[in-house]
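Structural overview for review
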Amino acid sequence: MVEEFVKPKQKGIISKLIIDRRTNSLKQKNVVLELDTHLSFPAILRDGENIYIYPENSASGSLKLYRYNPVSNTCEESKVLCDAAVVDSVITDLFGERLMFATTEPDINGKVLNVYKIINGKFELSDTYHFDENIARMAGNFFSHKEKVYRPTQECNTQYGHAVTLQEVSDGEQFTFLEKRRIYSVHPKLTIGCHTFNIYNGVIVTDALGFDRPWIRKLLRFIGIKIAI
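Report on the accompanying structure. (Residues numbered from 1 in each chain as written. Predicted model: local features only at pLDDT ≥ 70, side-chain atom pairs only at ≥ 80, totals over all residues. Heavy atoms only, no water.)

A few words on the sheet that holds strand E2 (residues 11–20). Reading across the sheet, the three strands line up as E1-E2-E3 and stay open at both edges, with antiparallel pairing between neighbours. With partners counted over all chains shown, the strands left at the sheet margins are strand E1 (2–6) and strand E3 (25–33), one partner each. Strand-to-strand, the axes of this sheet are offset by a mean angle of 45 degrees, without reference to chain direction. (Pairing = 2+ DSSP bridges. Helix = DSSP H or I, 4+ residues; strand = E, 2+ residues; numbered from the N terminus. Axes fitted to C-alpha atoms, helices over the stretch in contact; angles between N-to-C directions.)

Looking now at the environment of Ile135. Looking at the secondary structure, you find Ile135 in the loop between strand E11 (122–130) and strand E12 (143–145). Sequence separation of Ile135 and Leu113 is 22 residues, and the distance between their C-alpha atoms is 8.6 Å. Leaving out residues up to four positions away in the same chain, Ile135 has contacts with Gly110, Arg151, Thr153, Gln154, Glu155, Thr165, Gln167, Glu179 and Arg182. (Contact = heavy atoms within 4.5 Å.)

This brings us to unusual backbone geometry. With an omega dihedral of 10 degrees, the bond running from Glu105 to Pro106 counts as a cis peptide bond. One can find Pro106 in the loop between strand E9 (99–103) and strand E10 (112–119). Residue Phe41 is not a glycine yet carries a positive backbone phi of 45 degrees. With respect to the helices, strands and loops of the structure, Phe41 is situated in the loop between E3 and strand E4 (44–47). In this structure Phe41 comes out as buried when scored by relative accessible area, which is 12%. (Buried < 20%, exposed > 50% of the residue type's maximum accessible area, 1.4 Å probe, protein only.)

On to the nonpolar core. Nonpolar side chains in soluble globular proteins generally cluster together in the buried interior. Within the largest apolar cluster, 31 residues are counted, with the highest numbers of intra-cluster contacts made by Tyr54, Phe95, Met100, Phe101, Leu113, Phe142 and Phe175. When residues of this core are assigned to their parent elements, the largest contribution, four residues, is made by E9. Residues within four places of Tyr54 in sequence aside, it is in contact with Phe41, Ala43, Ile44, Leu45, Leu63, Lys64, Leu65, Leu81, Ser89, Val90, Ile91 and Asn141. (Core = buried A, V, L, I, M, F, W, Y, C linked by side-chain atoms within 4.5 Å.)

This next bit is on the environment of Ile14. When you line up the elements, Ile14 lands in strand E2. By relative accessible area, Ile14 is classed as buried at 0%. In contact with Ile14, not counting residues within four places along its chain, are Val2, Glu3, Asn30, Val31, Val32, Leu33, Leu39, Ser40, Pro42, Ile53 and Pro55.

This is the structure:
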C-alpha cells in the first residue's frame, strides 16, 4: 500500500502495488481508496486474516480505520479511531497496551511527539515528548530486533522528508528515545531525502525523494530560494 500523488488533483490517494520480488519490477497498480481529501501514509493494522489501513487524512479532521477487501480490491470504512487531526500516526501493541504515536498541527514536522491511549473506544491524547531536533514525526511502524524496540522517524531539520532516523525505545513510567542510526538517500537521482521505513516478514520497504526538474531546483538554490517539499 502506498500514497499515489495525483498532480492534476493535487492530492494523494492510496494504491496497492504488486511487485515482483525477483526483479523488483512493478507488475500491477490498483487504487484502493480515494476521498475528497488528501490521503497518505497508509499504515497497516493486521487482525488475524483481516488487513486494515489507517492512512493520514488530517484534512478531514479525524483518523479512520478502513478494512481492505481482497475480493473487490478496495478499502471500506470501518470506524473512527481518533477525533483529532493526527498526522502519520502509528499504532503499536509492543508496550503492553495499544498506543498510538503521532504529530499534530501547528508543527507536524517539528519536535513534539504525541502519545494516545484508548479511552471510551477512541484514541485520546495521553502524553507528549519533546526532542531537540525536528525528529518527532513518525516514518513507519515500530519494529523489534534482538529484543529491542525501534521507532522510525522523519528527520525534518533541513526540509520535510530529509532523512529517516531509527530510535531505540525504552518504556517505563516514561518513554526514552535513543537514536541508533540516521538513513539518507544514496540514490544517484533521488537525492532530496527519504521519509518512510517499514519492515514486515524480513522485507524492508523505504523510499527516496527526487525532484522532477532538478535543474530548476539547482537554479533556485543558487539564487537563495529554498524549496519546500
